[in-house]
Amino acid sequence: MKRALILIAFILTVALPLVSAETLSYYPNQSAFQAFLDSNSSYTIVAGNESWARGWAYYIDERLHTIKPHGNDTLVLVGNVYNNPLMMRVWNRTGLSENASLLPSIIVLNDTVLITGSKDNIYMTERAFEGLWNPPRSSVVAFSSISFLIFMIFLVCLSRDNSHAGSFYLLASSLLGLWYLTAERPVLTEGFLRYLFQGLEFATGGAPGSPLGAIIGATFRVVAPIEENIVFIHWTLILLILSFSFYLAPKRARELGFMIFGLIFVSPMFRENLYHINGSTLGLAALAIVLAIISNVAFSPEKWKALLQTFILSIFTLLTIAINPYLVLIPIIFVLTFPKRHLRNYAYLMITSIGVFLMYTQFGMPPGIPKSIDPSGWRYLERFLFNSSLALTAMAYTALKGRRRIKMRGQTAFLLLMTMVYLPIALFVPPLFPYCFILLAALTIRMIHSFTP
């Protein structure tokens, strides 16, 4: 019995640090930190001497500055005792071992707040600020102005012809506005926090760990990295998805974009993906832009204009691949379904291939493609089929009634092949299912339009 107790004690001793590393801890308690947030004291933040500590200190500084002024009342130290000399000086006052500073924790002393952790886990201290919501006036004005500008640009463009596309866009935007006013504030997922951490490190001069981290870091060199701005950007991207949905419809029937919007956003499974900020909204917006370019750009017969158009398409394609590396098949599917313009196709493949090569040279290869179906893949597929039943039924009915064969060229063929390729891949990579909603909705409406007399 004694040996068993000793063995259990040893296992707990080894395992407890691992368990603690996965949770945020407070010392002496969470109320002490909340009292610091609620107080009127000023603060000065001091980061550790490593790039990741400077990046996270940048985030903490911007968040605290929404409610507190800079000053000398409280010293906020970020990092651990091994990279922050000031934290080393006051650490004895905590009564904890030095290794404890490698765990994500918030420690409140009389006139000092310690935000500790290592490069692998300090991003978890963001959870201590979840209840803090105080958007700066500049952020509210910028978000409102950008959203209104996007809305007006698309409204004017869609109202130019004699169709009702502008009116339907106004209706769709009103529904999104109502959703924004009634929805709960989306939360940052742990996966997104990792990319956020990489972006912050890049924004403060460090090396990003992924292309998405570089994109986020470049954004936060211009925009303050606070949760309020991240949520505002999230809703702006949703507005872009809605807006470009109208340009996935055929040119002569832009009003059908309202149906594409409806088929996408009517799905609870798709909307669930937008309730949390996990980085996919940026990828979905980028995909919608690429699909809109492919569906609408009539490549000029003049070589230099065609090359310019191809270059623009390549840039947005590379942005999409940087956000989601599994979308690397877009150029290949494009060439297969638009085979006539050889110069354009060669240029598109060359530019995107060089861009992907440079991207992987800089950031390394993305995580390997799963070799087996995800354990929850079939369950996700079942939900996807159920949520897409309206689109699938309309597509099947139109195909049977129209009795036409789809020509394996052009926009409809491109959307069909994209759907046929990425829906099976989504079984291995379930985060691709939201992308399939956009592809299937656009394909359904194009089939209805092309098969209807």
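Just so it is clear, the structure is predicted and the values come from calculations on it, not from any experiment.

Draft legend 1. Expanded view of the domain arrangement of the protein chain. Parsing the protein chain into structural domains produces domain 1 (18–129) and domain 2 (137–183 + 226–451). Domain 1 and domain 2 are separated by 41 Å when their C-alpha centres are compared.

Draft legend 2. Main features of the side chain of Ser267. Along the chain, Ser267 falls in the loop between helix H10 (257–265) and helix H11 (268–274). The exposure class assigned to Ser267 is buried, which follows from its relative accessible area of 1%. Sequence-distant contacts of Ser267, defined by excluding residues within four places in its chain, comprise Asn387 and Phe437.

Draft legend 3. View of unusual backbone geometry. With an omega dihedral of 0°, the bond running from Tyr27 to Pro28 counts as a cis peptide bond. Position of Pro28 among the secondary structure elements: in the loop between strand S1 (25–27) and helix H2 (30–38).

Draft legend 4. Structural context of empty space enclosed by the protein. Per the counting criterion, the structure on display carries one cavity of 30 Å³ or more. If you add up the space inside the largest cavity, you get close to 30 Å³. Lining of the largest cavity is provided by Leu263, Ile264, Ser388, Ala391, Phe437, Leu440 and Ala441. Listed by contribution, the elements that provide at least two residues to the lining of the largest cavity are H10 and helix H19 (433–451). Among the elements that make up the lining of the largest cavity, the one with the highest residue count is H19 (three residues). Looking at side-chain class alone, the lining of the largest cavity contains six nonpolar, one polar and no charged residues.

Draft legend 5. Geometry of the sheet that holds strand S3 (residues 74–79). Pairing in this open sheet of five strands is mixed, and the strands run S1-S4-S5-S3-S2 from one edge to the other. Two strands in the sheet have a free side with no partner beyond their single neighbour: S1 and strand S2 (43–47). Strand after strand, the sheet turns through a mean of 15° between neighbouring axes, direction not considered. Taken together, the four bridges between strand S4 (residues 105–108) and strand S5 (residues 112–116) define a ladder with antiparallel strand orientation. In the strand pairing of S5, Ser105 is matched with Thr116. Running at roughly 70° to S4, H2 makes contact with S1, S3, S4 and S5 of the sheet.

Draft legend 6. The nonpolar core, seen in detail. Counting residues in each nonpolar core, the largest one holds 120 residues, and the members touching the most others are Trp56 and Phe414. Per element, the largest residue contribution to this core is 13 residues, and it comes from H19. A domain split of this core shows at least three residues from each of domain 1 (18–129) and domain 2 (137–183 + 226–451). The contact partners of Phe414, leaving out residues within four places of it in the chain, are Leu291, Ile294, Ile330, Ile333, Phe334, Thr337 and Phe338. If you look at the next biggest cluster of nonpolar residues, it comprises nine residues, including Leu77, Val81, Val90 and Leu114.

Draft legend 7. The arrangement of the pattern of salt bridges in detail. The final tally for this structure, using the stated rule, is eight salt bridges. Among the ionic pairs, Arg63 bridges to Glu126, the shortest N-O distance being 3.4 Å. Taken together, the residues span a long stretch of sequence, with Arg63 in helix H3 (residues 51–64) and Glu126 in the loop between S5 and helix H5 (137–158) at a distance of 63 residues. Here Arg63 matches Glu126 in class, with each residue buried. Overlapping salt bridges bring together Arg63, Glu126, Arg127, Glu130 and Glu227 as one network.

Draft legend 8. The layout of surface pockets, seen in detail. Approximately 960 Å³ is the volume found for the largest pocket. Surrounding the largest pocket, 37 residues form its lining, Tyr195, Asn278, Ile323, Asn324 and Pro431 being those nearest its centre. Secondary-structure elements contributing two or more residues to the lining of the largest pocket are helix H7 (190–203), helix H8 (211–220), H11, helix H13 (303–323), helix H15 (342–363), helix H16 (377–387) and H19. It is H7 that provides the largest number of residues to the lining of the largest pocket, a total of five residues. Of the residues assigned to the lining of the largest pocket, the class counts are 24 nonpolar, 10 polar and three charged. In this structure, the second largest pocket occupies an estimated 660 Å³ of space. What lines the second largest pocket is a set of 28 residues, and nearest its centre among them are Thr219, Ile233, His234, Leu237 and Leu282.

The rules behind each value
- Residues numbered from 1 in each chain as written.
- Predicted model: local features only at pLDDT ≥ 70, side-chain atom pairs only at ≥ 80, totals over all residues.
- Heavy atoms only, no water.
- Domains from an automatic or database assignment.
- Helix = DSSP H or I, 4+ residues; strand = E, 2+ residues; numbered from the N terminus.
- Buried < 20%, exposed > 50% of the residue type's maximum accessible area, 1.4 Å probe, protein only.
- Contact = heavy atoms within 4.5 Å.
- 1 Å grid on protein atoms, 1.4 Å probe; cavity = no way out; pocket = protein on both sides within 12 Å on 5 of 7 lines; lining within 4 Å.
- Points joined across faces, edges and corners; volume = space filled by probe spheres on them.
- Nonpolar A, V, L, I, M, F, W, Y, C, P; charged D, E, K, R; others polar.
- Pairing = 2+ DSSP bridges.
- Axes fitted to C-alpha atoms, helices over the stretch in contact; angles between N-to-C directions.
- Core = buried A, V, L, I, M, F, W, Y, C linked by side-chain atoms within 4.5 Å.
- Salt bridge = Lys/Arg side-chain N within 4 Å of Asp/Glu carboxyl O.

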